There are 2 protein chains.
Amino acid sequence: MNLNRVLIYGMGLMGGSLALSLRKKYPDVFITAVIRSEKSKITILEKSLANEVFLQKELTSPDWTLYDLVVFSTPVESILQIIPTLPKSGNTIFMDLGSTKETIVSAVEAYYGSNTHNYISTHPMCGSEQVGPEAAVPDLYADKLCILTPPQSASNESLEWVRVFWESVGSWTMEMDSKSHDETLANLSHLPHVVSTVLVNVAGANTTTMKEVLGSPKPITGGGFRDMSRIAGSNPDMWISIFKENKSFLYQSIDEFIHQLTEVRDLLKPDLPFDEGKIRKFWELALLNKEQIRKSK
Amino acid sequence: MNLNRVLIYGMGLMGGSLALSLRKKYPDVFITAVIRSEKSKITILEKSLANEVFLQKELTSPDWTLYDLVVFSTPVESILQIIPTLPKSGNTIFMDLGSTKETIVSAVEAYYGSNTHNYISTHPMCGSEQVGPEAAVPDLYADKLCILTPPQSASNESLEWVRVFWESVGSWTMEMDSKSHDETLANLSHLPHVVSTVLVNVAGANTTTMKEVLGSPKPITGGGFRDMSRIAGSNPDMWISIFKENKSFLYQSIDEFIHQLTEVRDLLKPDLPFDEGKIRKFWELALLNKEQIRKSK
């Protein structure tokens, strides 16, 4: 695989880890980073995440043809702003790591129309509650799923190139169209983050709980709460962007969650006899769903 | 600490692990197990969780005075049935590992009245999605919180004995009254289990998600969903018991969760402009609550 020069927009956990994976697999690669603010520049250079770093304002019109690969690892909104500035010809492969696909893919399709292009939208599923280039690690993508979403008119060669690329850094890939991606991710990623966040705020709003919590020298929580709260409140900028970009599917997922949770709550109504059978059925259905989704027994 | 003979009712993960912890700390201890069904007998003996095993029907009126310590590690309902059969004098220490406290403590107080007794209700917070004596491990209680809830008229000596006992197997302890325990645990343990269970059922109810899930050779989930679904649907018998015993506090917690989640959902209403500030505030509040509850930065 020919990979000499790579341009990465955004050097947070994802972009930075991609740089480290690249260095491991392609030791001679020359990486150019474009970042928004000065403050992470030192970390990026110290960790060798890039050979050169530009602020966005310093590189407003990059010469795209210099690069074999350009990666957009910024919030979706800023990717949407860049798309209409991309070249309509050349061999450079473009890809993003956006958490939602519909708006990006629509923008690419609107821009390129029936012109063949080399833009493949991708979503490596390895987010973390950690952020920033300090947290970057070379094996973030190993054994992780990277979802590939080719917009219309993407060349077969670019799709194949991007697949081989992700597999070369240790990921496994599957294709998903943008709508299926966003609906599936609303349920398997976005809703869990919302629910985790609400969970800690519900505990935080309970006076008795917080009195005990604050009176205890160590956490009162068991493994359940610990796991369930890990992703709460993490990375607000990214999540605000996901909320915006996946508004309607996320609305539907939350709505269904409220609907199902209300059914559970109502089984506990003070004046009703306790319907053990319904709870058991609900619990057993969850075991079945969990096995299918996690592919584990 | 004088610990020669111990009687353990119920040899699942918790009772079995307690047996292993006891053997490690008190190598000469003689453990008697009382179990409900024949099927785990072989595992219990093979793993040396007990020196002798009785079925419940074989030991209907135990001679309590034989034991230094009697541990009830069964669902709360069956503990409630045993309490009125306990002796009103003697040196035996009684304790349970029940996940809820109100009904147990009320039953103990109703039974003993103003008689001094040695019954201390305890809650070691080390549940797991694993069940049964097969899953028992000697360090389950190491570094875990064990909540102590002494009923009225419990002797100071028994409370002190039970505290030293739990600390001797590696736990740290705090005292909590039964109402505070059940309200706090509704938020920090029971609600998370309900929410995890609903989460997988919401994903399971979504056709697009399940089509992608079933079409993929490996799990589509990232770390978020994996952590958030770990405890879903686990151990239905125990959870049905918790639902029964902590009905009203759990109802309140779920109700507050629905209330807060509805507020988040409504921020995503199709015709409303997206209120970034409110989401950010909610997310930042969660970070603060999470730090306080988990005592981590």
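Treat the numbers as computed from the prediction; the structure is a model and nothing was measured.

**Student:** Quick question: what am I supposed to make of unusual backbone geometry here?
**Tutor:** Among all residues save glycine, negative phi is the norm, and among peptide bonds the norm is trans. Residue Lys 295 of chain A is not a glycine yet carries a positive backbone phi of 50°. Among the secondary structure elements, Lys 295 of chain A is positioned in the segment after helix H11 (276-294). One non-glycine residue with positive phi stands out, namely Asp 143 of chain B, at about 65°. Mapped onto the fold, Asp 143 of chain B is located in the loop between strand S6 (119-124) and strand S7 (145-149). Relative accessible area serves as the criterion here: at 63%, Asp 143 of chain B is assigned to the exposed category.

**Student:** Before we go on, may I ask you to explain the nonpolar core in this structure?
**Tutor:** Within soluble globular proteins, side chains that are nonpolar generally end up buried alongside one another. Of all hydrophobic cores here, the largest spans 83 residues; its most connected members are Phe 243 and Phe 257 of chain A together with Phe 257 of chain B. Beyond its immediate stretch of four places on either side in the chain, Phe 257 of chain B contacts Val 195, Val 198, Leu 199, Val 202, Phe 257 and Leu 261 of chain A together with Leu 191 and Val 195 of chain B.

**Student:** When you look at the packing of helix H7 (residues 207-215) of chain A against helix H11 (residues 276-294) of chain B in this model, what are you seeing that I'm missing?
**Tutor:** Between two packed helices, the angle of one axis relative to the other and the distance separating the axes together describe the packing. At their nearest, the axes of H7 of chain A and H11 of chain B sit 8 Å apart, and the two run at 55° to each other. With respect to each other, H7 of chain A and H11 of chain B are oriented oblique. Of the residues in H11 of chain B, those in contact with Met 210, Val 213 and Leu 214 of chain A of H7 of chain A are Asn 289, Gln 292 and Ile 293 of chain B. Each residue belonging to the contact of H7 of chain A with H11 of chain B can be placed in one class, and the counts come to 4 nonpolar, 2 polar and no charged.

**Student:** I keep staring at the relation of the copies chain B and chain A and nothing clicks. Help me out?
**Tutor:** For the pair of chain copies, the relating transformation is a rotation about an axis with a translation along it. The transform that puts chain B on chain A rotates by 180° and translates by 0.0 Å along the axis, for an RMSD of 0.0 Å. As the rotation angle and translation indicate, the two copies are arranged about a two-fold axis. Both copies share a contact surface, since 100% of the interface residues of chain B are interface residues in chain A too.

**Student:** I tried to follow helix H5 (residues 156-168) of chain A on my own but got confused; where do I start?
**Tutor:** For an α-helix, the turn length of 3.6 residues means that residues three or four places apart are oriented alike. Residues and elements named next belong to chain A. Compared with an ideal rise of 1.5 Å per residue, which puts 13 residues at 18 Å, H5 spans 18 Å between its outermost C-alpha atoms and is within 8% of the ideal. Buried residues of H5: Ser 158, Leu 159, Trp 161, Val 162, Phe 165, Trp 166 and Ser 168, and no others. Immediately downstream of H5, the backbone of Gly 170 shows phi near 100°, a positive value.

**Student:** Could you clarify how one ought to interpret the pairing of strand S5 (residues 93-96) of chain A in this entry?
**Tutor:** Within a regular strand, side chains alternate between the sheet's two faces. Residue and element names in this part refer to chain A. Burial of the side chains of S5 extends over both faces: Ile 93 and Met 95 are buried on one face and Phe 94 and Asp 96 on the other. Note: strand S4 (residues 69-72) against S5, 4 bridges, orientation parallel. Across the sheet, the residue bridging to Leu 69 is Ile 93, located in S5. Considered for its hand, the β-α-β crossover made up of S4, helix H3 (residues 76-82) and S5 is right-handed.

**Student:** Can you walk me through the sheet that holds strand S2 (residues 30-35) of chain B in this structure?
**Tutor:** Pairing between sheet strands relies on hydrogen bonds along the backbone, with the strands arranged either parallel or antiparallel. Residues and elements named next belong to chain B. Read from one edge to the other, the open sheet built from 8 strands follows the order S3-S2-S1-S4-S5-S6-S7-S8, with strand pairing classed as mixed. What marks the edges here is a single partner per strand, and that holds for strand S3 (52-55) and strand S8 (172-175). Between one strand axis and the next, the sheet turns through 25° on average, direction left out of account. Looking at chain direction, strand S1 (residues 5-9) and strand S4 (residues 69-72) are connected through 4 bridges and run parallel. Residue pairing across strands places Leu 7 opposite Val 70, the latter belonging to S4.

**Student:** Can you walk me through the side chain of Ser 40 of chain B in this structure?
**Tutor:** On the secondary structure map, Ser 40 of chain B appears in the loop between S2 and helix H2 (41-46). Residues within four places of Ser 40 of chain B in sequence aside, it is in contact with Ile 35 and Pro 133 of chain B.

The rules we used
- Residues numbered from 1 in each chain as written.
- Chains lettered and ligands numbered in written order.
- Predicted model: local features only at pLDDT ≥ 70, side-chain atom pairs only at ≥ 80, totals over all residues.
- Heavy atoms only, no water.
- Helix = DSSP H or I, 4+ residues; strand = E, 2+ residues; numbered from the N terminus.
- Buried < 20%, exposed > 50% of the residue type's maximum accessible area, 1.4 Å probe, protein only.
- Core = buried A, V, L, I, M, F, W, Y, C linked by side-chain atoms within 4.5 Å.
- Contact = heavy atoms within 4.5 Å.
- Axes fitted to C-alpha atoms, helices over the stretch in contact; angles between N-to-C directions.
- Parallel < 35°, antiparallel > 145°, perpendicular 65-115°, else oblique.
- Nonpolar A, V, L, I, M, F, W, Y, C, P; charged D, E, K, R; others polar.
- Least-squares fit on C-alpha atoms with pLDDT ≥ 70 in both.
- Expected span 1.5 Å × (residues − 1).
- Pairing = 2+ DSSP bridges.
- Right-handed = clockwise from strand over helix to strand, strands pointing away.

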